[in-house]
Number of protein chains: 2
Amino acid sequence: MTNEKYMKEALKQAKKAYQIGEVPIGCVIVYQDKIIGRGYNKRNTKKTTLAHAELIAIEKASKYMGDWRLEDCIMYVTLEPCQMCSGAIVQARIKKVVVGTMNPKAGCAGSILNLLQMQEFNHQVELVTGVMEEECTEVLQGFFRDLRIRNKKEKADKMSQKGNCEGLTTEP
Amino acid sequence: MTNEKYMKEALKQAKKAYQIGEVPIGCVIVYQDKIIGRGYNKRNTKKTTLAHAELIAIEKASKYMGDWRLEDCIMYVTLEPCQMCSGAIVQARIKKVVVGTMNPKAGCAGSILNLLQMQEFNHQVELVTGVMEEECTEVLQGFFRDLRIRNKKEKADKMSQKGNCEGLTTEP
């Protein structure tokens, strides 16, 4: 129940990314049953790789806690974190991560690697996956479907413009 | 020669961290023979795990480039990057990383893992290690030596204060 409650909040964040044309990934960080950090992907908007949803949420949660250690915090994130975000989760000593859908091509919480639970590091993170998986997958699929349609349309428009121009130059 | 030139700049950054009582790690990012991002560790000062030297330098370099992609950039860093920073380097598609000294207990550019060169990711980073290794090791060793002395002194002061107080309470 709690997992779904906060994953819905992470999904709300993902939809904010969708609205500004960013890959829809959202994240919230919870401490003592209160959201203390929210974030959504803004990589293209902010023009920095550090604008992943998880890092934005970690920055805000750290500000709230007044500490770089987020030891009693739980992160809810719609997509399995990449290597950078998984690394940040371990570095911030987040207690637990709840993931919506996995990212088989790039995820580092079990897909390519499991950076969250490596015994070689000085902190291991509890991990729950597959919470509201269908909704978290759908928001991503919807985004990429729209993107394909848009790209196809743009290409068709360009081709048609090109055709018109060529028509103009070949006509007397 | 160039490696030494820029590692000296990274060391200057590390020394800035030293001066504010932070673990002395420094970093610069170079594009077309120009430093476009500098950073030094401020984790305790800024109270966020995102204030590692490398992430600060990436943020600044991205701002300079106006792009999250740092494809033709070279990073010089005094200590082998952790899992978060190695992940950020791959995500930012930095071309090459030059490392001063390795971090056998936590480094992720060859020690625990080599996240920079995993074939499973969509980007691999050229890697040079051991540039000005002695100087980069010495600045860290000096810091921890000072810290031990300071901690020992504080402990001794506390013990002596405690002794005085106990003396006061047992006297009539």
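- Under the annotation held in an unreviewed UniProt entry, chain A carries the name tRNA-specific adenosine deaminase and is attributed to Variimorphobacter saccharofermentans.
- Per its UniProt entry, chain A bears the Catalytic activity (unreviewed entry) comment "adenosine(34) in tRNA + H2O + H(+) = inosine(34) in tRNA + NH4(+)".

### Some remarks on the overall build of chain A
Then step 1. Scanning chain A from terminus to terminus reveals five helices and five strands.
Then step 2. Tracing chain A from N to C terminus, the helices and strands come up as α-β-β-α-α-β-α-β-β-α.
Then step 3. On the principal axes, the C-alpha backbone points of chain A span a range of 75 × 35 × 30 Å.
Then step 4. Put simply, chain A has 172 residues, and 47% of those count as buried.
Then step 5. Once local pairs closer than 6 in sequence are excluded, the contacts in chain A between residues at least 24 apart make up 57%.
Then step 6. Of the accessible surface of chain A, which amounts to about 9000 Å², a share of 50% is contributed by carbon and sulfur atoms.
Then step 7. Each charge class in chain A was averaged separately, 26 positive and 21 negative side chains, and the resulting centres sit 5 Å apart.

### A closer look at the packing of aromatic side chains
Residue and element names in this part refer to chain A.
Then step 1. Scanning the model with the defined rule gives six aromatic pairs over all chains in all.
Then step 2. Seen in terms of ring centroids, Phe-143 and Phe-144 are 5.2 Å apart; in terms of plane orientation they differ by 85 degrees. Their pairing is edge-to-face.
Then step 3. Phe-143 sits in the buried class, given a relative accessible area of 5%.
Then step 4. Clustering of aromatic rings is evident, with ring pairs tying together Tyr-18, Phe-143 and Phe-144.
Then step 5. Against the face of Tyr-40 rests Lys-42, its NZ or CZ located 4.9 Å from the ring centre.

### Some thoughts on the nonpolar core
Then step 1. Core analysis: the largest hydrophobic core is formed by 69 residues, its most contacted members being A:Ile58 and B:Ile58.
Then step 2. In this structure B:Ile58 touches A:Thr49, A:Leu50, B:Ile29, B:Leu70, B:Met75, B:Ala88, B:Ile89, B:Ala92 and B:Ile94, once residues within four positions along its chain are discounted.
Then step 3. Counting residues in each nonpolar core, the second largest holds 14 residues, with B:Met7, B:Leu11, B:Ile35 and B:Val131 among its members.

### Focus on the UniProt feature "binding site: Zn(2+)" (unreviewed entry) in chain A
Then step 1. Here, the residues flagged by UniProt with the feature "binding site: Zn(2+)" (unreviewed entry) are A:His52, A:Cys82 and A:Cys85. Taken along the chain, the residues just named run across 34 residues; in space they keep tight, none of their C-alpha pairs more than 9.4 Å apart.
Then step 2. The topology assignment puts A:Cys82 in the loop between β3 (74–79) and α4 (83–91).
Then step 3. On the basis of relative accessible area, A:Cys82 is assigned to the buried category, the value being 9%.
Then step 4. Not counting residues up to four positions away in its chain, the partners in contact with A:Cys82 are A:His52, A:Glu54, A:Ala106, A:Cys108 and B:Gln91.
Then step 5. Structurally, A:Cys85 can be placed in helix α4.
Then step 6. A relative accessible area of 0% places A:Cys85 in the buried class.
Then step 7. In this structure A:Cys85 touches A:His52, A:Glu54 and A:Leu55, once residues within four positions along its chain are discounted.

### Focus: the sheet that holds strand β3 (residues 74–79) of chain B
Residue and element names in this part refer to chain B.
Then step 1. An order of β2-β1-β3-β4-β5 is seen for the five strands of this open sheet, with the pairing classed as mixed. The open sheet has two free edges, formed respectively by β2 (34–40) and β5 (126–128), since each of these has just one partner strand. Strand after strand, the sheet turns through a mean of 20 degrees between neighbouring axes, direction not considered.
Then step 2. Here three bridges tie strand β4 (residues 96–101) to β5, and the two strands are oriented parallel to one another. The residue bridging Val-97 from the neighbouring strand is Leu-127, located in β5.
Then step 3. Relative to the sheet, helix α3 (residues 53–65) contacts β1 (26–31), β2 and β3, its axis offset from that of β2 by approximately 145 degrees.

How each quantity is defined
Residues numbered from 1 in each chain as written. Chains lettered and ligands numbered in written order. Predicted model: local features only at pLDDT ≥ 70, side-chain atom pairs only at ≥ 80, totals over all residues. Heavy atoms only, no water. UniProt positions renumbered as here; feature names shortened; annotations may be inferred. Helix = DSSP H or I, 4+ residues; strand = E, 2+ residues; numbered from the N terminus. Buried < 20%, exposed > 50% of the residue type's maximum accessible area, 1.4 Å probe, protein only. Contact = heavy atoms within 4.5 Å. Areas by Shrake-Rupley, 256 points an atom, 1.4 Å probe, with all protein chains shown as cover. Lys, Arg positive; Asp, Glu negative; His and termini not counted. Charge placed at Lys NZ, Arg CZ, Asp CG, Glu CD. Phe/Tyr/Trp six-rings, centres within 6.5 Å; stacked < 30°, edge-to-face > 60°. Lys NZ or Arg CZ within 6 Å of the ring centre and 35° of its normal. Core = buried A, V, L, I, M, F, W, Y, C linked by side-chain atoms within 4.5 Å. Pairing = 2+ DSSP bridges. Axes fitted to C-alpha atoms, helices over the stretch in contact; angles between N-to-C directions.

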